[in-house]
Amino acid sequence: MTTVRTMIAVASVRQWKIFQMNVNNAFLSGDLHGEVYMSPPPGIQHHPGDDHGGIESLKHDLAHRFSMKDLGFLRYFSGIEGVVLRILRYLHGIQFQTLLFPSTSSLELCAYGDADWYGDCHDCKSTTGFCVFLGESLISWKSKK
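Residues numbered from 1 in each chain as written. Predicted model: local features only at pLDDT ≥ 70, side-chain atom pairs only at ≥ 80, totals over all residues. Heavy atoms only, no water.

Quick look at the packing of aromatic side chains now. All told, the structure shown has two aromatic pairs when counted by the stated rule. Between Tyr112 and Phe133, the aromatic rings sit 6.2 Å apart at their centres with planes inclined by 80 degrees, giving edge-to-face as the arrangement. Of the two residues, Tyr112 is situated in strand S3 (residues 109-116) and Phe133 in strand S4 (residues 127-134); the sequence distance between them amounts to 21 residues. (Phe/Tyr/Trp six-rings, centres within 6.5 Å; stacked < 30°, edge-to-face > 60°. Helix = DSSP H or I, 4+ residues; strand = E, 2+ residues; numbered from the N terminus.)

The next subject is the environment of Val13. With respect to the helices and strands, the residue Val13 is situated in helix H1 (residues 2-14). Setting aside residues no more than four positions away along its own chain, Val13 makes contact with Pro102, Ser103, Ser105, Ser106 and Leu107. (Contact = heavy atoms within 4.5 Å.)

For the rest of this paragraph, the subject is the confidence of the model for the protein chain. Here the protein chain averages 76 in pLDDT, and 69% of its residues register 70 or above. Per-element mean pLDDT across the protein chain ranges from 63 in helix H3 (residues 78-91) up to 89 in S3. (pLDDT = per-residue confidence, 0-100.)

So, about the nonpolar core. By size, the foremost hydrophobic cluster in this structure holds seven residues: Ile8, Ala9, Val10, Phe101, Val132, Leu134 and Ile139. Breaking this core down by element, the ones donating at least two residues are H1 and S4. Looking at this core element by element, the count peaks at three residues for H1. (Core = buried A, V, L, I, M, F, W, Y, C linked by side-chain atoms within 4.5 Å. Buried < 20%, exposed > 50% of the residue type's maximum accessible area, 1.4 Å probe, protein only.)

Let us now look at the environment of Tyr118. Mapped onto the elements of the fold, Tyr118 is located in the loop between S3 and S4. Tyr118 sits in the exposed class, given a relative accessible area of 53%. Dropping the residues within four chain positions of it, Tyr118 is found in contact with Cys124, Lys125 and Ser126.

Summed over all chains, the structure comprises two salt bridges. With its nearest N and O atoms 3.2 Å apart, the salt bridge here joins Glu56 to Lys59. Here Lys59 and Glu56 lie together in helix H2 (residues 52-65), a separation of three residues that amounts to about one turn. The exposure class assigned to Glu56 is partly exposed, which follows from its relative accessible area of 41%. Given the relative accessible area of 11%, Lys59 is considered buried. A salt bridge links Asp70 to Lys59, with the shortest nitrogen-to-oxygen separation between them at 3.0 Å. In this pair, Asp70 is assigned in strand S2 (residues 68-73) and Lys59 in helix H2, connecting sequence segments 11 residues apart. Overall, the relative accessible area of 40% leaves Asp70 in the partly exposed class. Linked by salt bridges that have partners in common, Glu56, Lys59 and Asp70 make up one network. (Salt bridge = Lys/Arg side-chain N within 4 Å of Asp/Glu carboxyl O.)

Taken together, the three strands give an open sheet; going across it, the order is S3-S4-S5, and neighbouring strands pair in antiparallel fashion. Strands with a single pairing partner mark the edges of an open sheet, and in this sheet they are S3 and strand S5 (137-144). Strand-to-strand twist of the sheet, defined as the mean angle between neighbouring strand axes without regard to direction, takes the value 10 degrees. Across the sheet, H1 is in contact with S4 and S5; its angle to S5 comes to roughly 155 degrees. (Pairing = 2+ DSSP bridges. Axes fitted to C-alpha atoms, helices over the stretch in contact; angles between N-to-C directions.)

On to the side chain of Ser105. Relative to the assigned elements, Ser105 resides in the loop between H3 and S3. Overall, the relative accessible area of 6% leaves Ser105 in the buried class. In this structure the side chain of Ser105 is engaged in a polar contact, spanning 2.7 Å, whose partner is the backbone nitrogen of Glu136. Filtering out sequence-adjacent residues up to four positions away, Ser105 remains in contact with Val13, Leu134, Gly135, Glu136 and Ser137. (Polar contact = N/O pair within 3.5 Å; in protein donor to acceptor, adjacent residues only side chain to side chain.)

Okay, here's the thing in structure tokens:
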């Protein structure tokens, strides 16, 4: 999820459009015997920038090679909603909060950490935690007792 939040934060700052595709049964079980591309597959031309025609061509080609459904622009991401709900339960009673990925933010990475050694006299356990921001966007966090 940290990678997804980071990509959404960068796309927001760079004002990139994010498309969401649903791949049916991708990598759910079994061994992978096909090729995995970290760059466009052979025969697919790539032009950096806002190449809307190229994006549509790539989506069309992928839909013919794999069982996929084009869900359009990313407006809702269920994994992030689950994280937000967990945070809201933790904050007890704050109802209208969300993770914000502002488009005016910088792309400076900043991390904070803290530890409370022997903070609970009942169980003698310490609490540690950290949070990581990309500009103003919270992209990763953890707290552990």
